[in-house]
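Chains, contacts and geometry: an overview
Each chain is listed here by its residues.
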Amino acid sequence: VGHCHPDIIKAAHEQNQLLNTNSRYLHDNLVDYAERLSKTLPEKLCIFYFLNSGSEANDLALRLARQYTEHEDVIVLDHAYHGHLTSLIDISPYKFRNLEGQKEWVHVAPVPDTYRGLYREDHENSVMAYADEVKNIIEHAHKRGRKIAAFFVESLPSVGGQIIPPAGYFQKVAEHVHKAGGVFIADEIQVGFGRVGKHFWAFQLQGEDFIPDIVTMGKPIGNGHPLACVATTKEIAEAFAATGVEYFNTFGGNPVSCAIGLAVLDVIEKEQLQAHATEVGNFLMKILKEQQIKHPIIGDVRGCGLFIGVDLIKDQAE
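Counting restarts for each chain, with residues numbered from 1 along the sequence as it is written. Restriction of local features to residues with pLDDT of at least 70 applies here, the model being predicted, together with a cutoff of 80 or more for giving and counting side-chain atom pairs; totals for whole chains, interfaces and linings are based on all residues. Water and hydrogen atoms were dropped before computing side-chain values, which therefore reflect all heavy atoms in the structure.

Heads up, the rule is: UniProt positions are given in the numbering used here, feature names are shortened, and annotations may be inferred rather than shown by experiment.
Per an unreviewed UniProt entry, the recorded name for the protein is AT2L2 lyase, and the organism is Panurus biarmicus. Word for word, the UniProt comment on the protein under Cofactor (unreviewed entry) is "pyridoxal 5'-phosphate". Per UniProt, the protein has the following entry under Sequence similarities (unreviewed entry): "Belongs to the class-III pyridoxal-phosphate-dependent aminotransferase family."

1. Overview of the sheet that holds strand β7 (residues 228-232)
What counts is decided by this rule: Two strands qualify as a pair provided DSSP detects at least 2 bridges between them. Numbering of helices and strands starts at the N terminus; helices are DSSP runs of H or I of at least 4 residues and strands are runs of E of at least 2. Axis geometry follows a simple rule: fit a line to the C-alpha atoms, using only the stretch in contact for helices, then measure angles between N-to-C directions, giving values from 0 to 180 degrees. A contact between two residues is defined here by any heavy atoms of the two lying within 4.5 Å.
Across the sheet, which stays open at both edges, the seven strands sit in the order β1-β7-β6-β5-β4-β2-β3 with mixed pairing between neighbours. Among the strands making up the open sheet, the edge pair consists of β1 (47-51) and β3 (106-109). Strand-to-strand twist of the sheet, defined as the mean angle between neighbouring strand axes without regard to direction, takes the value 20 degrees. Pairing of strand β2 (residues 73-77) with strand β4 (residues 148-154), which is carried by four bridges, proceeds in the parallel orientation. Paired with Val76 across the two strands is Phe152, which belongs to β4. Packing against the sheet, helix α2 (residues 28-38) makes contact with β1, β6 (214-217) and β7, and its axis sits at approximately 120 degrees to β1.

2. Digging into helix α6 (residues 126-143)
Our working rule: Here the expected length of a helix is defined as 1.5 Å per residue gap, with one fewer gap than residues. Each residue is assigned to one of three classes by its accessible area relative to the maximum for its type, calculated with a 1.4 Å probe on protein chains only: buried under 20%, partly exposed between the two thresholds, exposed over 50%.
Relative to the 26 Å expected for 18 residues at 1.5 Å per residue, α6 spans 26 Å between its end C-alpha atoms, a close match to the ideal helical length. Those residues of α6 not exposed but buried are Ser126, Val127, Ala129, Tyr130, Ala131, Glu133, Val134, Ile137, Ile138 and Ala141. Downstream of α6 by one or two residues, Gly145 has phi in the positive range, about 80 degrees.

3. Side note on the packing of aromatic side chains
To be explicit about the condition: Any pair of Phe, Tyr and Trp rings, taking the six-membered ring for Trp, is counted once the centres come within 6.5 Å. Such a pair is stacked with planes under 30 degrees apart, edge-to-face with planes over 60 apart, and tilted for the rest. Whether a charge sits over a ring depends on NZ of Lys or CZ of Arg being within 6 Å of the ring centre and within 35 degrees of the ring normal.
Inspection of the entire model under this criterion finds 15 aromatic pairs. Consider the rings of Tyr81 and Tyr94, whose centres lie 5.9 Å apart with planes at 70 degrees: the pair is edge-to-face. In this pair, Tyr81 sits in the loop between β2 and α4 (86-89) while Tyr94 sits in helix α5 (residues 93-96), placing the two residues 13 residues apart along the sequence. Given the relative accessible area of 24%, Tyr81 is considered partly exposed. Under the relative-accessibility criterion, Tyr94 is labelled partly exposed at 43%. The cationic tip of Arg24 hangs over the ring face of Phe248; the distance from NZ or CZ to the ring centre is 3.9 Å. Its end group placed over the ring of Trp105, Arg66 keeps NZ or CZ at 4.4 Å from the ring centre.

Okay, structure coming up:
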């Protein structure tokens, strides 16, 4: 919402003057913030865990998925990056290919990129073709005695090339993953909170009939203040709580962080930043497409709201 936004500074300062505690001590801000956040999400995503960073959120999402499914394996997209903890380097091809390589429990699916990918715009059904790649991975894993805990994906792959997955892809993938006893995790850390303009969450671009089982949030959630969140269903949260090992995070969901989170939501609404993302994004896309006509090096311009990619190439034909 902008550097040093006065509303955010005021919220942090006022709460700091009153109380900031270890989050074992209950505070209304935690509940108020969870309620506000729940209004932006589908009804079934109604349980919230608050943390300090996107990496913490993705690590917890992994734990939730494994506890709920009692499976271990994870399917990710090629070139994906999900965070800097050891558990997340393991599911980030962007990182592990330069480090210790791919673990046995990690499976890499092709990015649903209709410009550069396996199945392109001229393919008769790229959605089905890319989803079938995931189905094949699941079948191959089952033959090896492996079981799928989760399909872990950014709603719009960012580090992987600012990719806009074709509409309907998530629904088909979720079908295959659920059939295998796994869950669908949508990583909204870079792309959530209205960045795509027409929707508050990027996964909503896939259609109203698609709801992930777990959503992770970070980066813009606190406008630079350390704040993150995992949203999930009652069923998954209950399976996690049933272990008797409660989830606790010393500073996750503290009064100051929640005051800031509330202020961010207020500013997004008050300053109509979703509409702003749409308007500025459309303008930027328009002038980039004008450049594309002039310069053969620009192969593709794609995006939604303020999530935009320009693909630079050597050869138009290839």
